[in-house]
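# Analysis of the macromolecular model
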Number of protein chains: 2
Amino acid sequence: MSPDEFRAAGREVVEWVASYLERIETFPVLSRVAPGDIRRRLPAHPPQSGEASDGFASRLLADVDGAVLPGITHWQHPSFFGYFPANASGPAMLGDLLASGLGVQGMSWITSPACTELEQVVVDWLADLLGLPAGWHADGPGGGVIQDTASTATFTAVLAALHRASDGRTATEGVGSGRYAVYTSIEAHSAGIKAARMAGLGSAAVRQIEVDAKDFAMSVPALAQALAADRAADVTPAIIIATVGTTSTTAIDPIRAIGTLAREHGVWLHVDAAYAGVAAVCPELRWILDGVGEFADSMCTNPHKWLLTNFDCDVFWVADRTALTGALSVLPEFLRNAATDSGAVVDYRDWHPQLGRRFRALKLWAVLRWYGADGLQAHIRRHVELAQAFASWVRDDARFVLVAPHPLSLVCFRVAGDDDAADRLTSALLDALNAGGRLFVTHTRVGGRMTIRLAIGGLLTTGQHVRDAWRDIQEAADSILTA
Amino acid sequence: MSPDEFRAAGREVVEWVASYLERIETFPVLSRVAPGDIRRRLPAHPPQSGEASDGFASRLLADVDGAVLPGITHWQHPSFFGYFPANASGPAMLGDLLASGLGVQGMSWITSPACTELEQVVVDWLADLLGLPAGWHADGPGGGVIQDTASTATFTAVLAALHRASDGRTATEGVGSGRYAVYTSIEAHSAGIKAARMAGLGSAAVRQIEVDAKDFAMSVPALAQALAADRAADVTPAIIIATVGTTSTTAIDPIRAIGTLAREHGVWLHVDAAYAGVAAVCPELRWILDGVGEFADSMCTNPHKWLLTNFDCDVFWVADRTALTGALSVLPEFLRNAATDSGAVVDYRDWHPQLGRRFRALKLWAVLRWYGADGLQAHIRRHVELAQAFASWVRDDARFVLVAPHPLSLVCFRVAGDDDAADRLTSALLDALNAGGRLFVTHTRVGGRMTIRLAIGGLLTTGQHVRDAWRDIQEAADSILTA
């Protein structure tokens, strides 16, 4: 494809994206296809002759319309309230397109110094915006890196923690059996268990600590007990994975108290703030990270969730990068170069499991510049306000109960009643809402009970969309709860 | 950014990319900045007020020109001969822009069925194009998935292999100590050692098998010996990581013979064909994968290297997906849904370490359609022919020696002479070439000797660029070798 062909085709795709965002509300939020429907719309075999010609983009886009869009669950739809949001903003798309166009691979500083240094700058900027310590900057003992997901960040933290706990022996000898333990709450993300399994510890090494019955935050006494029990059994506590904003309910673990324990026991403290961390751009919400700067050894948060930067973009910081690079650095001859050997540069390949890396800093740079601190704060505040309004409507309707605190933009609620019948009604309500196509919500279980999660955070979501959602919920309840 | 603002800004960025590709030969291939130069060009702090306005894209692009481009090592430059290529083609960029615009996250089938099913279709297409077995298709016992990098694919293979070797016990109990071994050649990629470390085995579990002195392929007798020694020591051989196209020299391990041993010992065979695998789109090169379909339990290859699909795009296949999903599946309540519970769909989150995933199939789809089998073959053949021509020029110049077979598009050569002086002259030649700015080559060590790697494979690389490279090499040799 020549530059001129790319000019023409690129304009067509830009137009398609703009137009998709304009007509996004015409689609059912949740895709309605059955398994296999999309595959059946596509040729079983690759083409022998290419389609290279002027009409390529038009044909490709027609097939996206005809064969792909029916199988899309529209994450950018303003009434997508499922999971957590995955904001895709205009400036992020521009930055990502630049990354595609430059086509550089930033595994080492030398393979494109700007890919490393712009990343250092933007993750430092984000650290400033969230009120994180200066020591976490690139010129401190720590530093940040863009990874793909919080799952990878959590796994990376486990590897660094094992390296530190073993004085580096895990790199050569492995983890052994029964020697290390990982602590996280029963409400924490499954990424913690997956990380322990991938790191060779197995799920049996994970201590799922009980939570407070009211706010679903990790119980500090229970954690203390688990640490002491492991010590007594000659098991080394390697890492505590605390959560700021759990996936189920946005519960916030007491980082300061946990951190005090972590320090006492010399255990690595990783803070998984995948969804919620970015909310700290608002000074009035910065309390969610209380204790993090003082006690955490690492933390991650996902601009690709609630901070307007297209997937994938997780930012992972360490307070001290020694154990991180100790765990992950392998330097074969074919990657050696004078800059690396000088020690004067950071080679980000030693900061994550992958070797190759895309120039993801461009999209975060574009976002932070387009919005600025003011714009990011306005973005977060708008959703928090909408969530508080929605929660108040739920609270005032006797047919529902709020099941967890909702300090941010997720509201968890269910049909009133503490029995299986309430579970069934809540499930029926969820299914009816999603089948309607006007909105999409997902579920969790809280205290064992089926619970609907309404996560606000879409770039296009307005007060009207939240009011419409509440109207749909009430109408569905009218029909289901009186049946 | 409104859709109209995105239209205008998107057109500007498309124009910038097209123009960048037109003027790419005006830049020195290897960036000339010193450590810290790029950071110093950028503001130390994030902006308080955003830059949201009509002129945003122009300002952003001006800063890319002024602050970023000096720090770019131009991977798309036609005289970039370092590492392996990282092809970024027009159709791939269009597909990637569509992925950004749709902004879906395909962790589960339900979160966008098309994101899973289009991926199944295009990885099946690629399997067909490479002559891989029908059983590796989505409707067979195996299947393919797009991952980010071959490092991740190799790591994933190690996890699946451990799961199978332990009858699933590693998922709960971990890997224990001293119980499992990993086999790979001394010429294999460092990703194998990194994977063993990350999986909790430690580098001591890796047996780096000797290679044949002439073609640098894994020695089968040495492998047999290592397997027997481990069995005798009650260590379980878990996985053999064989390579088709090593990073140093594109050596091709004897897959059929290794596979026979693997089957005899019940060991998982993973084939790392990151760079070379895609060459099998050409029937006359399909011999490189001889034995893979019959014996391999998994294989990966990177369309983001030599097959025109922007980073990141590694395709990883398994012959049987049971151990893969057994090793990686963790299903928390908040991810449950009727489609997953039915077992009728594939949830790709269980096929890699990450949970979230981008819609990467779009870019591979666009590439396979634009080029077709014919176009992909022409792309590979052109580079193989250029490499053979280059190798013949080196062979005819008594000042140089070719140090390894060059069946594909990488040529390894060094200054003649088997002593440290030859190493120093080869290094001096490498440095002089890269300092000149007209081309970029990297190095390795082969048989302990400093060696220059010239990897052909750029989308824009023509015969003239390769002839120019040879002229530069000869001129540098004239100056250095006679000094």
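Residues numbered from 1 in each chain as written. Chains lettered and ligands numbered in written order. Predicted model: local features only at pLDDT ≥ 70, side-chain atom pairs only at ≥ 80, totals over all residues. Heavy atoms only, no water.

### Quick look at the domain arrangement of chain A
Residues and elements named next belong to chain A.
- Looking at chain A, the domain boundaries give domain 1 (3-72), domain 2 (104-358) and domain 3 (367-480).
- Inter-centroid distance (C-alpha atoms) of domain 1 to domain 3 is 32 Å.
- Between domain 1 and domain 3, the residue contacts involve eight residues of the former and nine residues of the latter.
- Of the roughly 530 Å² buried at the junction of domain 1 and domain 3 (both faces included), carbon and sulfur atoms supply 61%.
- In terms of surface lost to domain 3, no three residues of domain 1 exceed Val29, Leu30 and Arg32, which account for 69% of the buried area on that side.
- Between the two partners, domain 1 and domain 3, sit zero salt bridges.
- Taken together, the links from domain 1 to domain 3 amount to four residue pairs in polar contact (both at pLDDT 80 or more).
- Broken down by class, the residue content of the side of domain 1 that touches domain 3 amounts to six nonpolar, no polar and two charged. (Domains from an automatic or database assignment. Contact = heavy atoms within 4.5 Å. Buried area = accessible area lost by both parts, 1.4 Å probe. Salt bridge = Lys/Arg side-chain N within 4 Å of Asp/Glu carboxyl O. Polar contact = N/O pair within 3.5 Å; in protein donor to acceptor, adjacent residues only side chain to side chain. Nonpolar A, V, L, I, M, F, W, Y, C, P; charged D, E, K, R; others polar.)

### What to know about the interface of chain B and chain A
- Taken together, the contact pairs 149 residues of chain B with 149 residues of chain A.
- Taken over both partners, the interface formed by chain B and chain A buries close to 13000 Å², and the fraction arising from carbon and sulfur atoms is 65%.
- The partner of glutamate 333 of chain A in a salt bridge is arginine 445 of chain B, with the nearest N and O atoms 3.7 Å apart.
- Counting the contacts that link chain B with chain A gives 74 residue pairs in polar contact (both at pLDDT 80 or more).
- Sort the elements by how many residues they give to the side of chain B that touches chain A and helix 1 (residues 3-22) of chain B lands first, with 18 residues.
- Of the residues belonging to the side of chain B that touches chain A, the class tally is 77 nonpolar, 44 polar and 28 charged. (Helix = DSSP H or I, 4+ residues; strand = E, 2+ residues; numbered from the N terminus.)

### Section: the packing of aromatic side chains
All names here are of chain A.
- Going through the model one piece at a time under the given rule, you end up with 32 aromatic pairs over all chains.
- Put simply, the rings of Phe390, Trp393, Phe400, Phe413 and Trp470 pair up and form one aromatic cluster.
- Here the guanidinium or amino end of arginine 453 rests over the ring plane of phenylalanine 84, the centre of that ring lying 4.9 Å away. (Phe/Tyr/Trp six-rings, centres within 6.5 Å; stacked < 30°, edge-to-face > 60°. Lys NZ or Arg CZ within 6 Å of the ring centre and 35° of its normal.)

### A few points about the relation of the copies chain B and chain A
- The two copies are related by a screw operation: chain B maps onto chain A through 180° of rotation and 0.0 Å of translation along the axis, at an RMSD of 0.0 Å. These values place the two chain copies in the arrangement generated by a two-fold rotation axis.
- An overlap of 100% is found between the interface residues of chain B and their copies at the interface of chain A, pointing to a shared contact surface. (Least-squares fit on C-alpha atoms with pLDDT ≥ 70 in both.)

### Some thoughts on helix 8 (residues 191-198) of chain B
All names here are of chain B.
- Of all eight residues in helix 8, eight are buried, a share of seventy percent or more.
- Considered for burial, the residues of helix 8 that qualify are Ala191, Gly192, Ile193, Lys194, Ala195, Ala196, Arg197 and Met198.
- Positive phi appears at glycine 200, one or two residues downstream of helix 8, with a value of about 90°. (Buried < 20%, exposed > 50% of the residue type's maximum accessible area, 1.4 Å probe, protein only.)

### A closer look at the environment of arginine 336 of chain A
- Mapping arginine 336 of chain A onto the fold places it in the loop between helix 13 (322-328) and helix 14 (338-342).
- Overall, arginine 336 of chain A belongs to the partly exposed group, its relative accessible area being 37%.
- Linking arginine 336 of chain A and aspartate 96 of chain A, residues 240 residues apart in sequence, is a C-alpha distance of 29 Å.
- With near-sequence residues (within four places) excluded, arginine 336 of chain A lies in contact with Leu331 and Asp341 of chain A together with His443 of chain B.

### Describing the side chain of glutamate 51 of chain A
- Of note, glutamate 51 of chain A is situated in the loop between helix 2 (37-40) and helix 3 (56-68).
- Judged by its relative accessible area of 18%, glutamate 51 of chain A is buried.
- Once residues within four sequence positions are removed from consideration, glutamate 51 of chain A is found in contact with Phe56 and Arg59 of chain A together with Arg369 and Trp370 of chain B.

### Side note on the sheet that holds strand 8 (residues 400-402) of chain A
All names here are of chain A.
- Within the open sheet, the four strands sit side by side as 8-9-11-10. Their pairing is antiparallel. Of all the strands in the sheet, the pair left with one neighbour each is strand 8 and strand 10 (442-446). Going from strand to strand, the sheet's axes swing by 40° on average, the running direction of each strand aside.
- Here helix 16 (residues 420-436) sits on the sheet and contacts strand 8, strand 9 (410-415), strand 10 and strand 11 (449-455); the angle it forms with strand 11, its principal contact strand, is near 35°. (Pairing = 2+ DSSP bridges. Axes fitted to C-alpha atoms, helices over the stretch in contact; angles between N-to-C directions.)

### Description of the environment of serine 248 of chain A
- With respect to the element layout, serine 248 of chain A can be found in the loop between strand 4 (236-243) and helix 10 (255-265).
- Those residues in contact with serine 248 of chain A that sit more than four places away from it in its chain are Glu187, Leu410, Cys412, Thr444, Arg445 and Arg453 of chain A together with Phe334 of chain B.
- A polar atom in the side chain of serine 248 of chain A sits 2.5 Å from the side chain of threonine 444 of chain A.

### Looking at unusual backbone geometry
Residue and element names in this part refer to chain A.
- Here the bond from phenylalanine 311 into aspartate 312 is cis, since omega is 0°, no more than 30 degrees from zero.
- Residue placement: aspartate 312 occurs in the loop between helix 12 (303-306) and strand 7 (314-318).
- The backbone phi angle of aspartate 167 is positive, close to 55°, even though this residue is not glycine.
- Along the chain, aspartate 167 falls in the loop between helix 6 (150-165) and helix 7 (170-173).

### Observations concerning the packing of helix 15 (residues 361-395) of chain A against helix 17 (residues 463-481) of chain A
Residues and elements named next belong to chain A.
- It is at 10 Å that the axes of helix 15 and helix 17 come closest, and there the two elements cross at 20°. Overall, the two elements helix 15 and helix 17 adopt an arrangement that is roughly parallel. The interaxial crossing formed by helix 15 with helix 17 has right-handed handedness. Between helix 15 and helix 17, the residues in contact are Leu386, Phe390, Trp393 and Val394 and Gly463, Val466, Arg467, Trp470 and Ile473, respectively.
- For the contact of helix 15 with helix 17, the per-class residue count stands at seven nonpolar, one polar and one charged. (Parallel < 35°, antiparallel > 145°, perpendicular 65-115°, else oblique. Left-handed = near helix turned anticlockwise from the far one by under 90°.)

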